[in-house]
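For reference, the chains in residue letters:
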Amino acid sequence: VQLQASGGGLVQAGGSLRLSCAAFGRTFSNYYMGWFRQASGKEREFVAAIRWIGGSTYYADAVKGRFTLSRDSAKVTVYLQMNSLKPEDTAVYYCAADYNIILSTVRRSSSYDYWGQGTQVTVSS
């Protein structure tokens, strides 16, 4: 599976961006796709994830209510709509995927074997 992320950029605080992550190659029915981010000098942290079957979504507390994750099954693509962006959202954002993830571990980066390249999101104050 190959993941291709896009959509990062520079935006002012309060603005919006939409990230996309398209999956290519082998796909599997019961899989999760997620987003993680890593700010300079910090560890990678969970942002959001979606279960492909059923579309259940999971969010980090820091982004809940501001970010929305959705999927397009035909395009095998997930979208992370980021609204009300804050300077602390500045980071490199990575999409990830894997199947048969135990729900209790969906927020762990170690649960995902497939990763896309990062896309930079910079929010200016």
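A brief structural summary. This structure is a prediction, so every number in the text was calculated from the model and none was measured. (Residues numbered from 1 in each chain as written. Predicted model: local features only at pLDDT ≥ 70, side-chain atom pairs only at ≥ 80, totals over all residues. Heavy atoms only, no water.)

Some words on the nonpolar core
Thought 1: Counting 39 residues, the largest nonpolar core has Met33, Trp35, Leu80, Met82 and Tyr93 as the members making the most contacts within it.
Thought 2: Not counting residues up to four positions away in its chain, the partners in contact with Leu80 are Leu17, Arg18, Leu19, Trp35, Val47, Ala48, Phe67, Thr68, Leu69 and Tyr93. (Core = buried A, V, L, I, M, F, W, Y, C linked by side-chain atoms within 4.5 Å. Buried < 20%, exposed > 50% of the residue type's maximum accessible area, 1.4 Å probe, protein only. Contact = heavy atoms within 4.5 Å.)

What about the pairing of strand 9 (residues 91-99)?
Thought 1: A large share of strand 9 lies buried, amounting to 7 of its 9 residues.
Thought 2: Direction of pairing for strand 9 relative to strand 11 (residues 119-124): antiparallel, over a ladder of 3 bridges. Note on strand 11: the bridge partner recorded for Val92 is Gln120.
Thought 3: Both strand 9 and strand 10 (residues 114-115) contribute to a ladder of 2 bridges, which runs antiparallel. Paired with Ala96 across the strands is Trp115, a residue of strand 10. (Helix = DSSP H or I, 4+ residues; strand = E, 2+ residues; numbered from the N terminus. Pairing = 2+ DSSP bridges.)

Examining the pairing of strand 7 (residues 67-72)
The side chains of a regular strand alternate, residue by residue, between the two faces of the sheet.
Thought 1: Both strand 7 and strand 8 (residues 77-82) contribute to a ladder of 6 bridges, which runs antiparallel. Paired with Asp72 across the two strands is Thr77, which belongs to strand 8.
Thought 2: Hairpin geometry of strand 7 and strand 8 is characterised by an intervening segment of 4 residues between the two adjacent antiparallel strands and by a positive phi of about 50 degrees at Val76.

A word on the sheet that holds strand 7
Thought 1: Strands sit in the order 1-3-8-7 across an open sheet of 4 strands; the sheet is antiparallel. Strands at the two margins of the open sheet, each flanked by one partner only, are strand 1 (2-6) and strand 7. The mean angle between the axes of side-by-side strands here comes to 15 degrees, regardless of whether they run parallel or antiparallel.
Thought 2: In this structure, strand 3 (residues 17-24) lies alongside strand 8, joined through 6 bridges in antiparallel fashion. The partner of Leu19 across the bridge, within strand 8, is Leu80. (Axes fitted to C-alpha atoms, helices over the stretch in contact; angles between N-to-C directions.)

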